[in-house]
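Structural overview
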Amino acid sequence: MKIAVAKGDGIGPEIMESVLNIFKAAEVPLEYEFVDMGKWVFDKGHSNGMTPEAQATIESLGILFKGPMETPKGKGVKSVNVTARKTWNTYANKRTFQTLHGVDTVFSKAGIPIDITIVRENIEDTYGGIEHMLTHDVALSRRFITRPGSMQVIKYAFEMARKKGCKRITCGHKANIMKITDGLFLQVFYEIAKEYPELKADDVIVDDLCMKLVSRPDVFDVVVLTNLQGDIVSDLCAGLVGGLGFAPSANIGDHICIFEAVHGTAPDIAGKNIANPTALLLSGFGMLRHLGLMQKAAMIENALLYTLENGVHTGDFGDKSTAAVNTTEFANAIISNFGKTPVHNPRPQLEDKPATQTVFKLEKNPLIMSKEMEDEVIVGVDFFIESFEQPSVLAEKLLQHTGNLFKLVTISNRGTQVWPKGSVFTNLVNQYRARFESIEEAALTQTDIAELYRLIMKDFKVCSLEVLNMWAGKKAYSLAQGQ
Ligand code: NAI
């Protein structure tokens with residue numbers, strides 16, 4: 001089997017070399033095709049951080065094993081790490097956090113074992129990076145949560161939990177505040193949960209989740225979250241098991257999968273051969289198992305666990321009273337422990353599975369859709385307009401344009417209603433949302449909205465607009481705070 005390998009920037013080449021040396025010593029039956037991705041590729045003028053040849057190789061091989069990559073600052077380019085995950089639709093980011101004996105934490109010292117898998121949605125949310133300045137004072141980020149996107153990642157999380165024999169799966173969310181976006185994610189979670197009756201499915205608000213994770217991490221099994229919340233919660237979990245040096249990740253898609261450590265390029269220690277290669281090595285085990293190489297993965301992982309148990313450590317963890325080894329020495333220590341069995345949690349030698357590497361040839365972009373929506377009616381529009389005036393003055397001008405079709409329902413500023421009711425204690429910025437709805441919820445057309453736009457722009461700069469829909473008699477939009 002052949003896979004694509006990108007060494008990455010900063011500590012990337014050092015830790016990748018160590019991991020590939022371990023694989024070589026273990027006679028892992030993989031061939032590597034090295035591809036050009038990362039900071040220096042940006043510097044050569046490839047604005048997505050990868051050469052066209054790298055893209056073609058990864059798309060033809062289907063597996064990318066990558067080191068961390070730096071996003072050049074201040075050049076307006078997007079992170080190649082995020083570009084890779086999104087371009088190839090690796091919708092699930094799986095991050096496993098386990099107690100490792102030899103890596104002391106407050107929990108290991110208290111005898112509280114941790115084995116948590118975070119499944120983070122990997123494509124949507126604020127990671128769409130769709131951001132605009134609406135006025136000089138007001139920035140807007142669009143947060144997309146889609147039903148098919150949520151279904152892909154949540155389905156993966158349930159399948160993974162079933163295969164792993166987990167007991168509990170938890171959805172972390174903020175649906176109490178983001179009722180439509182996180183509400184959709186949570187709804188899909190419980191829809192899919194019905195297909196997995198053997199799993200205890202529950203949900204917890206993300207702030208409460210953080211508190212519970214740092215007090216009772218042992219009660220969680222699999223946690224599935226949207227992208228940004230998943231990112232934050234998974235770094236929190238890395239801290240629970242000893243830090244970023246022990247946090248592996250797998251980006252899973254239907255066609256292409258990317259295996260990488262959670263940590264970044266660690267520029268402060270790059271080039272010194274002192275980085276901890278464990279997170280990348282753990283990510284490598286995920287890749288070997290994904291490819292069906294169960295025995296090699298278990299053999300090397302047992303050697304790693306044995307090495308850790310015996311107190312061998314790089315400078316970022318372990319007993320400070322014993323000397324730290326460097327990256328190469330750490331890798332060599334693991335190699336010298338091949339065939340040894342750790343005292344704690346030895347990995348079972350499972351049978352190898354048939355190779356799962358499949359090469360996909362796609363003719364066109366897959367369109368992922370859930371169900372057709374019935375009874376879709378346009379019932380209004382939100383105009384986001386620039387204004388330096390008081391809400392009542394604004395309302396007076398807007399009311400002149402409502403005509404026979406529309407009524408002005410509410411004006412809000414930063415999401416808080418300031419007209420028809422509000423408080424003078426609400427601070428204003430120079431950008432309002434004016435909500436127009438149709439009289440008696442009559443169906444509107446896009447032309448009706450365009451006509452209203454034409455009238456409003458005589459008085460105001462319209463920064464953006466959002467059409468208000470009703471699906472099957474239910475409002476598909478949120479109310480303003482205080483409405
Ligand atoms: P970082 O993860 O690179 O470093 C944070 C701290 O952890 C540093 O003190 C570093 O020395 C330490 N650290 C990280 N990995 C380590 C290891 N294997 N062994 C020992 N110590 C380790 O995060 P930072 O500084 O925020 O980001 C640096 C660069 O990495 C940025 O350009 C960022 O965009 C990029 N990055 C790339 C990622 C990826 O390729 N998936 C993920 C996160 C950041």
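Residues numbered from 1 in each chain as written. Predicted model: local features only at pLDDT ≥ 70, side-chain atom pairs only at ≥ 80, totals over all residues. Heavy atoms only, no water.

1. Some points on the pattern of salt bridges
For the structure on display, the rule yields 26 salt bridges. Close ionic contact of Arg162 with Glu159 constitutes a salt bridge, the shortest N to O distance being 4.0 Å. Here Arg162 and its partner Glu159 are both found in helix 6 (residues 147-164), three residues apart, which amounts to about one turn of the helix. By relative accessible area, Arg162 is classed as partly exposed at 35%. Classification of Glu159 by relative accessible area gives partly exposed; the value is 27%. With its nearest N and O atoms 3.2 Å apart, the salt bridge here joins Asp202 to Lys200. The class of Asp202 is buried, set by a relative accessible area of 14%. (Salt bridge = Lys/Arg side-chain N within 4 Å of Asp/Glu carboxyl O. Helix = DSSP H or I, 4+ residues; strand = E, 2+ residues; numbered from the N terminus. Buried < 20%, exposed > 50% of the residue type's maximum accessible area, 1.4 Å probe, protein only.)

2. With respect to the site of the ligand
Around the ligand, a shell composed of 21 residues is seen, among which Met69, Gly264, Ala266, Asp268 and Asn276 lie nearest. Contact between the ligand and Gly264: an oxygen atom at 2.7 Å from a main-chain N or O atom of the residue. Against a free-state accessible area of 810 Å², the protein chains account for coverage of 68% of the ligand. Within the shell around the ligand, the residues separate by chemical class into nine nonpolar, six polar and six charged. (Near = heavy atom within 4 Å. Polar contact = N/O pair within 3.5 Å; in protein donor to acceptor, adjacent residues only side chain to side chain. Areas by Shrake-Rupley, 256 points an atom, 1.4 Å probe, with all protein chains shown as cover. Nonpolar A, V, L, I, M, F, W, Y, C, P; charged D, E, K, R; others polar.)

3. Looking at the sheet that holds strand 17 (residues 461-471)
With antiparallel pairing, the six strands of this open sheet are ordered in space as 15-14-16-13-17-18. Strands at the two margins of the open sheet, each flanked by one partner only, are strand 15 (416-419) and strand 18 (474-475). Two elements, strand 17 and strand 18, share two bridges in a ladder whose sense is antiparallel. Residue pairing across strands places Trp471 opposite Lys474, the latter belonging to strand 18. Each of strand 13 (376-386), strand 14 (406-413), strand 15 and strand 16 (431-438) touches helix 13 (residues 391-399); the most contacted strand, strand 14, lies at about 155° to it. On the sheet, helix 14 (residues 446-456) packs against strand 13, strand 14, strand 16 and strand 17 and is oriented at approximately 20° with respect to strand 13. (Pairing = 2+ DSSP bridges. Contact = heavy atoms within 4.5 Å. Axes fitted to C-alpha atoms, helices over the stretch in contact; angles between N-to-C directions.)

4. Considering the domain arrangement of the protein
Taken domain by domain, the protein comprises domain 1 (1-89 + 265-278 + 290-371), domain 2 (92-252) and domain 3 (376-475). Taking the mean C-alpha position of each, domain 1 and domain 3 sit 51 Å from one another. (Domains from an automatic or database assignment.)

5. Topic: the packing of aromatic side chains
Aromatic ring pairs: the centre-centre distance and the angle between the two ring planes describe each pair. Under the defined criterion, the tally for this structure stands at 10 aromatic pairs. Both rings, one in Phe23 and one in Phe65, keep their centres 6.2 Å apart while their planes meet at 10°; by these two values the pair is stacked. One end of the pair, Phe23, is in helix 1 (residues 12-25); the other, Phe65, is in strand 3 (residues 63-66), with 42 residues separating them in the sequence. Residue classification places Phe23 among the buried positions, given a relative accessible area of 0%. Grouping aromatic residues by their ring pairs yields a cluster made of Phe158, Phe189, Tyr190 and Tyr196. Taking NZ or CZ as reference, Lys7 lies 5.1 Å from the ring centre of Phe34, over its face. Across from the ring centre of Tyr127, 5.0 Å away, lies the NZ or CZ of Arg120, which sits over that ring. (Phe/Tyr/Trp six-rings, centres within 6.5 Å; stacked < 30°, edge-to-face > 60°. Lys NZ or Arg CZ within 6 Å of the ring centre and 35° of its normal.)

6. Thoughts on helix 6
Over its 18 residues, helix 6 runs 25 Å from end to end, which matches the ideal 26 Å to within 8%, given 1.5 Å per residue. The distance from a side-chain oxygen at the start of helix 6 to the backbone nitrogen of Gly149 is 2.9 Å, and the residue carrying that oxygen is Thr146. Phi for Gly165, located one or two positions after helix 6, is positive at around 75°. (Expected span 1.5 Å × (residues − 1).)

7. Structural notes on the environment of Leu291
Take Leu291: it is sitting in the loop between helix 10 (278-290) and helix 11 (294-309). Each C-alpha atom, one on Leu291 and one on Ile252, is 12 Å from the other, the two residues being 39 residues apart in sequence.

8. Observations concerning the packing of helix 8 (residues 206-215) against helix 9 (residues 227-240)
One way to put it is that helix 8 packs onto helix 9 with a least axis distance of 10 Å and a crossing angle of 10°. The pairing of helix 8 with helix 9 is recorded here as roughly parallel in orientation. Residue-level contacts link Val206, Leu209, Cys210, Leu213 and Val214 of helix 8 to Gln229, Val233, Leu236, Cys237 and Leu240 of helix 9. (Parallel < 35°, antiparallel > 145°, perpendicular 65-115°, else oblique.)

9. Some thoughts on the pairing of strand 17
Judged from the 10 bridges that link them, strand 13 and strand 17 form a sheet pairing that is antiparallel. Counted as the bridge partner of Ile378 is Asn469 from strand 17. Counting the residues between successive antiparallel strands, the hairpin from strand 17 to strand 18 contains two residues, one of them, Ala472, with a positive phi of roughly 45°.

10. Concerning empty space enclosed by the protein
The tally for this structure, following the rule as stated, stands at two cavities of 30 Å³ or more. Looking at the largest cavity, its volume works out to about 50 Å³. Every residue lining the largest cavity is listed: Thr99, Leu100, His101, Leu305, Glu309, His344, Asn345 and Arg347. For the lining of the largest cavity, the per-class residue count stands at two nonpolar, four polar and two charged. Counted as a void, the second largest cavity has a volume near 30 Å³. Lining the second largest cavity are Val379, Glu437, Ser438, Glu441, Met470, Lys475 and Tyr477. (1 Å grid on protein atoms, 1.4 Å probe; cavity = no way out; pocket = protein on both sides within 12 Å on 5 of 7 lines; lining within 4 Å. Points joined across faces, edges and corners; volume = space filled by probe spheres on them.)

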